[in-house]
Each structure stands twice: as structure tokens, then as C-alpha cells.
Amino acid sequence: MATVSTGLELRDLSHRFAERMVVDHLNLSIAPGEICCLLGPSGCGKTTTLRIVAGLESIQSGTVSLDGEVIASPGHELPPERRRIGMVFPDYALFPPLPVQENVAFGLQRQRDREARALGLLQRLHVDHLASQFPHRLSGGEQQRVALARALAPEPRAMLLDEPFANLDARLRAEVRDDTLAMLQGQGTATLMVTHDPAEALRMADRLAIMQNGKLEQIGPPDEVFSHPANRFCAEFLSEFSVLEGQCEAAGEVVAGPFRLSATAETPGSRLDVLVRPEALCFRAGPGEAGAKVVRVRNLGPMILIDDKVGPEEVPVRGHWGDARRPRAGDLVGATLVPEKVFVFARKTP
């Protein structure tokens, strides 16, 4: 009877190194064809989670299941080669003595069509012209594609990607990322990807899982997590902010520097931090909600980023320029806030 693919499931996963809890009661399910990005700062437990799933780190507590079969629990662990899980790590780990096609076919020793399958995967990733080359002659992007083809060759039921594009330049990273995404979704592979790059996670993921100190802080679709962060950590990790000191003067109204906005859940008199994304603050020539003085102008291509000081107290903020004429340092401009892109949290104590 054929195995019904139900995806990858982590239940109540915990792991310690000495006294330090690096994975803390983690629960996460990934459906076939879904790409879930595990996102968080260095040392938060992302790679340890991946290593437990792969079988490279012994499980201490909880279970890992794949298509309904428990592949890891305390006292019961399938070896890595029997888990049908593909892995791609930042160093690619290609075999230097083998040409590219043999690298890809390595895990298909018992299949008659191993060479044809290996070449087919290389074609889909646009590197079949390198089939006879050796790994040391390949660029970083070419090595990454070959490593992905090798991981996909045995038709794994799940794929683990650990910072797979970290060593690529920006242009090549985008190209390889798109090819990788198409391959994984096309094969219906449940994919868990670890990254510390929010922009990469937002582009690739069907769901984000944000991790801090071994715990999952928020799980959801990228647009939901970005637009409605569960807490201050999630908000700050996904995007840069200017922080304004605010105070709730009356129920439903918060004053932050020269701006006023609604925050109905706040208690009158409470001191607050108002987090303002650059896209939430628009500067233009002429009047706005508040006067501002341009400090620095940076052209980021689709956006001109402005460092300004707003209001009589010259509070430092960062926003985007909304006029055709390029401003200059020292210009007096108007600032307008977009409340929907502003987040209010209790004052962060030092």
C-alpha cells in the first residue's frame, strides 16, 4: 500500500545543552509542498531543531513524525539514511572526487535509471551542462544547485535547508532561491528552512515560525505575521523601526512626539513605545502632520530613505520620501504617519 503523505510533525520537542534549554517545548507541523521558515537570531535553537529532525542530534524529549510514522522519540530513532529526509547546508558538502552527475546519483545506487534521474534534476535546475565537471570548478551558486539536486534525487518526503543561500551574492541568491522554491513545491516536499534573514523568509515561506530562546513566538502566513506581530520581539525582528516615546492621554488616544494615534487597548496614563516602520512615515515638501528637518538621504532604488528629526523636540526618525523632487540634508519638510503600520507596546525598560 502506498504511503499517504501527511508531512512533517514536531511535537513537544525539547533539548538541553548542559543547563541551557535550547529548544523549549516546540510544536510545528509542515504539510506536503509547504515551505515553513524557522526564523530567529543566532543561538535561538533553529539549527539544533533541524539537526534533531535530520537525526544528527539525538532527541531528548518529544517526537518527530513523517507521514504519520514516528521517526524519532527518546529510545527510538531511525538513522538519518532511513528517514527519507533531504538536507542542504551552507557548505553544500559535495564529494570532491566525484563529477557533478555522480554526486547527484550517489544516493541512487540501487536504481537502474540513476544516471538519467540525476541528469533530469540537473536540467531542471539549469546546471546539466556541468554534469561532467568536478565540484571545485563550480561557482557557489552552481554548487548550491548541485547540492539541492542531490538532496532531491532520492525523492525525500521532507527537506531541511539550513541557511542555504547564505554564501551567495544578492543577484544569484534571488535566482537560486526561485529555482529552489519551484522544485520543492513542484515535488510536494514538506520543507523546513532555517534562516536569520527576515527578507528571505518573507519571500520564500508559506508560513513563518519566529523563534527566540528556544521557544516559538509566532507562527502564521508571512503577511499576517508581518502586519500583526504577536509581540515586540516579532515586530522588531522582521523590520527596522524608529521608536517614539508615547503616552496614552485618554482611552483610545496615544501621543507620540508630534503625532497622535489610536490604541484602544492601552490604559490612560500608561507610558508606551511606538514603533514606526520607514514605510509608515512619509515625508513630503510642504506641510504634514508635523514639521521635520532632513538629516540624511539614502537612495535604495524603489525607496528613498530619509533620516529626519520631527517636531519641536527634534525626535530622530526614519521614513520614506513621497515627492518627485529629491530632498537635501537640512531641508524643512512635512511628515505624515500611516497608523496601520505603527505598533504600540509597553515601554521597554533598560
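Residues numbered from 1 in each chain as written. Predicted model: local features only at pLDDT ≥ 70, side-chain atom pairs only at ≥ 80, totals over all residues. Heavy atoms only, no water.

S.K.: So, the environment of V243: which residues are in play, and what are the values?
M.R.: Locating V243 in the fold gives a position in strand 12 (residues 242–250). On the basis of relative accessible area, V243 is assigned to the partly exposed category, the value being 37%. If sequence neighbours within four positions are ignored, V243 has contacts with R232, D273, V274 and L275. (Helix = DSSP H or I, 4+ residues; strand = E, 2+ residues; numbered from the N terminus. Buried < 20%, exposed > 50% of the residue type's maximum accessible area, 1.4 Å probe, protein only. Contact = heavy atoms within 4.5 Å.)

S.K.: Can you tell me about the packing of helix 3 (residues 114–124) against helix 4 (residues 140–152), naming the residues and giving the values?
M.R.: Put simply, helix 3 and helix 4 touch, their axes get as near as 9 Å, and they point 135 degrees apart. Relative to helix 4, the element helix 3 lies oblique. In the crossing of helix 3 with helix 4, the sense of the turn from one axis to the other is right-handed. Along the contact surface, helix 3 presents R117, L121 and L122, while helix 4 presents V146, A149 and L152. (Axes fitted to C-alpha atoms, helices over the stretch in contact; angles between N-to-C directions. Parallel < 35°, antiparallel > 145°, perpendicular 65-115°, else oblique. Left-handed = near helix turned anticlockwise from the far one by under 90°.)

S.K.: Just give me the short version of the layout of surface pockets, but keep the residues and values in it.
M.R.: The gaps of empty space that remain are located by a probe, the size of a water molecule, rolled over the atoms. A volume near 640 Å³ is recorded for the largest pocket. In this structure, the largest pocket is lined by 20 residues; those nearest its centre are I85, M87, G107, R150 and P154. Counting residues per element, the ones that place at least two in the lining of the largest pocket are strand 7 (85–88) and helix 4. Examining the composition of the lining of the largest pocket, we find that four residues originate from one element, strand 7, more than from any other. Residue composition of the lining of the largest pocket, grouped by class: 13 nonpolar, three polar and four charged. (1 Å grid on protein atoms, 1.4 Å probe; cavity = no way out; pocket = protein on both sides within 12 Å on 5 of 7 lines; lining within 4 Å. Points joined across faces, edges and corners; volume = space filled by probe spheres on them. Nonpolar A, V, L, I, M, F, W, Y, C, P; charged D, E, K, R; others polar.)

S.K.: How would you summarise unusual backbone geometry if you had to cite specific residues and measurements?
M.R.: Residue H25 is not a glycine yet carries a positive backbone phi of 50 degrees. Mapped onto the secondary structure, H25 falls in strand 2 (residues 20–30). Look at H25 and you get partly exposed, because its relative accessible area is 45%. Of note, the phi angle at H126 is positive, near 65 degrees, even though the residue is not glycine.

S.K.: I'd like to hear about the confidence of the model for the protein chain, residue by residue, with values.
M.R.: Of the residues in the protein chain, 97% reach a pLDDT of 70 or more, and the chain-wide mean stands at 88. Within the protein chain, helix 5 (residues 170–186) has the poorest average pLDDT of any element, 81, and strand 4 (residues 61–66) the best, 97. (pLDDT = per-residue confidence, 0-100.)

S.K.: Tell me what's going on with the sheet that holds strand 6 (residues 76–77), and back it up with residues and numbers.
M.R.: With respect to topology, five strands assemble into an open sheet ordered 2-1-4-5-6, the strand pairing being antiparallel. Two strands bound the open sheet, and with one partner strand each, they are strand 2 and strand 6. Both strand 5 (residues 69–73) and strand 6 contribute to a ladder of two bridges, which runs antiparallel. Bridged to A72 within strand 6 is E77. Here helix 1 (residues 46–54) sits on the sheet and contacts strand 1 (8–17), strand 2, strand 4 and strand 5; the angle it forms with strand 1, its principal contact strand, is near 120 degrees. (Pairing = 2+ DSSP bridges.)

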